[in-house]
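Survey of secondary and tertiary structure
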Amino acid sequence: MASANASGSEENFSCSICLDVFNSPVSTPCGHNFCKNCITKTWDEKVRFKCPLCNKAFKRKPDLRINTLLSELAAQFQTSKRVKYQLCVKPGEVPCDVCTGTQLKAMKSCLVCFISYCQTHLEPHQRFAVLKKHRLVEPMDLLEDRMCKKHDRLLELFCQTEQVCVCLFCRVKDHRSHPVVRLTEEYEVKTAQLGKIEAEVQRMIQERLNNIQEIKDTVNRSKADADREIADGVHVLTALKRCIEKCQDDLNQMVKEKLKSTEKQSEDLIKELEQEIEGLTNRSSEVKQLSHTKDHLHFLQTFRSLKDPPPTRDWTTVEVRPPSYVGTLRRSLDQLEETLNMEMKKLRDAELKRVQQYEVDVTLDPDTAHPQLILSEDGKQVHDGGVATALPYNPKRFTKKIRVLTRQSFSSGRFYFEVHVKDKTAWHVGVARESINRKDLTIEIPETGYWTLFSYKDGLVFRDNPAVRLPLRAELQKVGVFVDYDEGLVSFYDVEARVHIYSATGCSFTEPLYPFLCPCLHGEGINSAPLIISPVNQTE
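What comes next is a walk through the structure. Counting from 1, residues in each chain are numbered in the order their sequence is written. Owing to the predicted nature of the model, reporting of local features is limited to residues with pLDDT of at least 70; listing and counting of side-chain atom pairs is limited to 80 or more, with chain, interface and lining totals taken over all residues. Just so you know, side-chain values use all the structure's heavy atoms and leave hydrogens and water out.

Digging into the pairing of strand β21 (residues 531–534)
Note the threshold: Strand pairing is assigned whenever DSSP identifies at least 2 bridges connecting the two strands. For helices the rule is a DSSP run of H or I covering at least 4 residues; for strands it is a run of E covering at least 2, with both sets numbered from the N terminus onward.
Of the strand pairs in this sheet, strand β10 (residues 381–384) and β21 are connected by two bridges, and their pairing is antiparallel. In the strand pairing of β21, Q381 is matched with I532. Of the strand pairs in this sheet, strand β12 (residues 414–420) and β21 are connected by three bridges, and their pairing is antiparallel. Each bridged residue has a counterpart across the sheet, and for E418 the counterpart in β21 is S534.

Describing the environment of E186
Condition: Contact criterion: two residues are considered in contact whenever any of their non-hydrogen atoms come within 4.5 Å of each other.
As for its position among the elements, E186 is in helix α6 (residues 183–291). Each C-alpha atom, one on E186 and one on L237, is 74 Å from the other, the two residues being 51 residues apart in sequence. Once residues lying within four places of it in the same chain are set aside, the contact partners of E186 are F158, Q160 and V181.

Overview of the sheet that holds β21
Adjacent strands of a sheet pair through backbone hydrogen bonds, lying either parallel or antiparallel. The test is simple: Orientation is described by lines fitted to C-alpha atoms, with helices fitted over the stretch in contact, and by angles between N-to-C directions that extend from 0 to 180 degrees.
One open sheet accounts for seven strands, arranged β9-β10-β21-β12-β17-β18-β19; its pairing is antiparallel. The open sheet terminates on both sides in strands that have one partner only, identified here as β9 (373–375) and β19 (499–504). Strand-to-strand twist of the sheet, defined as the mean angle between neighbouring strand axes without regard to direction, takes the value 20°. Bridge count between strand β18 (residues 489–494) and β19: five bridges; the pairing is antiparallel.

Quick word on the sheet that holds strand β6 (residues 157–159)
An order of β7-β6-β8 is seen for the three strands of this open sheet, with the pairing classed as antiparallel. A strand with exactly one partner marks an edge of an open sheet, and here the two such strands are β7 (164–166) and β8 (180–182). Neighbour-to-neighbour, the strand axes of the sheet open up by a mean angle of 35°, direction not taken into account. Pairing of β6 with β8, which is carried by three bridges, proceeds in the antiparallel orientation. Pairing of L157 across the sheet is with R182, part of β8. Each of β6, β7 and β8 touches α6; the most contacted strand, β8, lies at about 90° to it.

Some points on the layout of surface pockets
Put simply, the rule is: Note on definitions: the grid is 1 Å and covers protein atoms alone; a cavity is a set of points where a 1.4 Å probe fits but cannot get out; a pocket is an open set with protein on both sides within 12 Å along at least five of seven lines; lining residues have an atom within 4 Å of a point. Grid points are joined across faces, edges and corners, and a volume is the space filled by probe spheres set on the points. Residues are grouped as follows: nonpolar covers Ala, Val, Leu, Ile, Met, Phe, Trp, Tyr, Cys and Pro; charged covers Asp, Glu, Lys and Arg; every other residue, Gly included, is treated as polar.
Considering only enclosed or pocket space, the largest pocket measures out at about 780 Å³ in volume. Contributions of two or more residues to the lining of the largest pocket are made by α6, α8 (328–356), β17 (478–484) and β18. No other element matches α6, which puts nine residues into the lining of the largest pocket. In terms of residue class, the lining of the largest pocket is built from eight nonpolar, six polar and 11 charged.

So, the nonpolar core
In summary, soluble globular proteins display a tendency toward joint burial of nonpolar side chains. Note the following rule: By nonpolar core we mean a set of buried residues, namely Ala, Val, Leu, Ile, Met, Phe, Trp, Tyr and Cys, connected to one another through side-chain atoms within 4.5 Å. Each residue's exposure class comes from its accessible area (1.4 Å probe, protein chains only) as a fraction of the maximum for that residue type: buried when under 20%, exposed when over 50%, partly exposed otherwise.
The biggest cluster of nonpolar side chains holds 49 residues, and the ones touching the most others in it are W427 and W451. Here the element with the most residues in this core is strand β20 (residues 513–518); it accounts for five residues. Not counting chain neighbours up to four residues away, the residues in contact with W427 comprise V421, L453, F454, S455, L460, L476, V479, C518, P519, C520 and L531. Of all hydrophobic cores here, the second largest spans 18 residues; its members include V21, C35, W43 and F49.

Quick word on the pairing of strand β13 (residues 427–433)
Within β13, six of the seven residues are buried, which leaves it mostly tucked inside the rest of the structure. Of the strand pairs in this sheet, β13 and strand β14 (residues 450–456) are connected by six bridges, and their pairing is antiparallel. Along β14, the bridge assignment pairs H428 with F454. As paired strands, β13 and β20 are joined by six bridges and run antiparallel to one another. Residue pairing in the sheet places V431 in a bridge with P515 of β20.

Notes on the environment of H370
Under the convention used in this document: We call two N or O atoms a polar contact when they sit within 3.5 Å, provided that within protein one can donate a hydrogen and the other can accept it, with sequence-adjacent residues counted only if both atoms are side-chain atoms.
Positionally, H370 belongs in the loop between α8 and β9. Each C-alpha atom of the pair H370 and K190 lies 55 Å from the other, and the pair is 180 residues apart in sequence. Within the structure, the side chain of H370 is placed 3.3 Å from the backbone oxygen of T399, a separation counted as a polar contact.

Here it is as structure tokens:
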């Protein structure tokens, strides 16, 4: 029986009506073939008993019988077509190296021929005795890369010393003294390591995702801070603008009222003078008229009423003084200053509350404390004991000046802490970098790694070169220290008065910073009170 060639034309096995492979093909008396359902349906719905190809008409419906040979050939072609489609190589599969045109999926790879074969091209290896001796394995891609370049053998072993894949000949010759295992064994080991590597990679990815989120959160907080700062600025400046406008209005009104009062007084006086002038002018006319009369009786009778001048004011004591504006502008500015001070107080309070949000819990480190210092058990207080205690050597300990650092350090971000300094006549508070000299008499200035506030009986200074002298605050009881590491900022606050004392800006921090305390010598009991790291009370 003839067989349908898988590579034959599909047109030879297709119905001209449905254009698909024959399904139950039948032949008409004129010799043409159609699917039984197709020709039957055509004759029922369209032209009765007429061949769709040659238009030959039949007087009556032909007796249609299945074309057995064509039906078998069509079935074989359909099967071949389906198998060929199913075996076509897909992404990730190994293609047959022999197929031309459409490549089929390889079923085996030959380690002798270095060729991968589909089911059809593999057939000789299953039929010929010589080819049956070839070693067939599951399909492998890039076979030449799996072979030893030196011995032309399969790389199926792994040298653990040199961490390379080797063949059997390599093991005997070049790697005789090395531990060698099969690839599968090393695969299991490396797979386990790969799991750890993947876990580490995932951890690093998650860490970076967290970093991204932290950066985004920082940007969002920065935007919120910026919005709040702008809103606060607009509020304060708007209030000041209104106050200035009111002061200006009040000043204008006050000056105008004084001027108006002076003008009114002047107008009244001028009116009164004009009235007196009018009266005197009338008297002058009467006098002149009387001087020309010749009637003695009339003259004497009238003269009697004219000899006394009309009643007038003594203008020698009357004067118009210009209004005095001395102090008017000053009083307006005093009012403006009062408003400004109120707004500044609100701002200072808001600023302190803002930095207090970065409070950190720190405790003093006894390993850094000078032997003369006495620390409380909770590490929150320190005072001068007057006598040095014998302590073991410690590279972190101060030995020349009575100083102490905290256990905690900070290398980024912002932090804030408060130190109670009440009842002390001298003290030293701030931050210091990790690499400060702890064994010599070093001046506490930024150049040597210190950013500190120093208080003594004659004043308050920020230790620098030169020192920055600050207004003495006799009521200073608690000092707040705020550090913005990334911005290079160290600020000091009078916590009780809610007042900013001083800020060191443009600082360059490149290593960890430690809170720094120095209670100073007790001075025969005068300065014996301790420095106390106290918790923040934001309701103050």
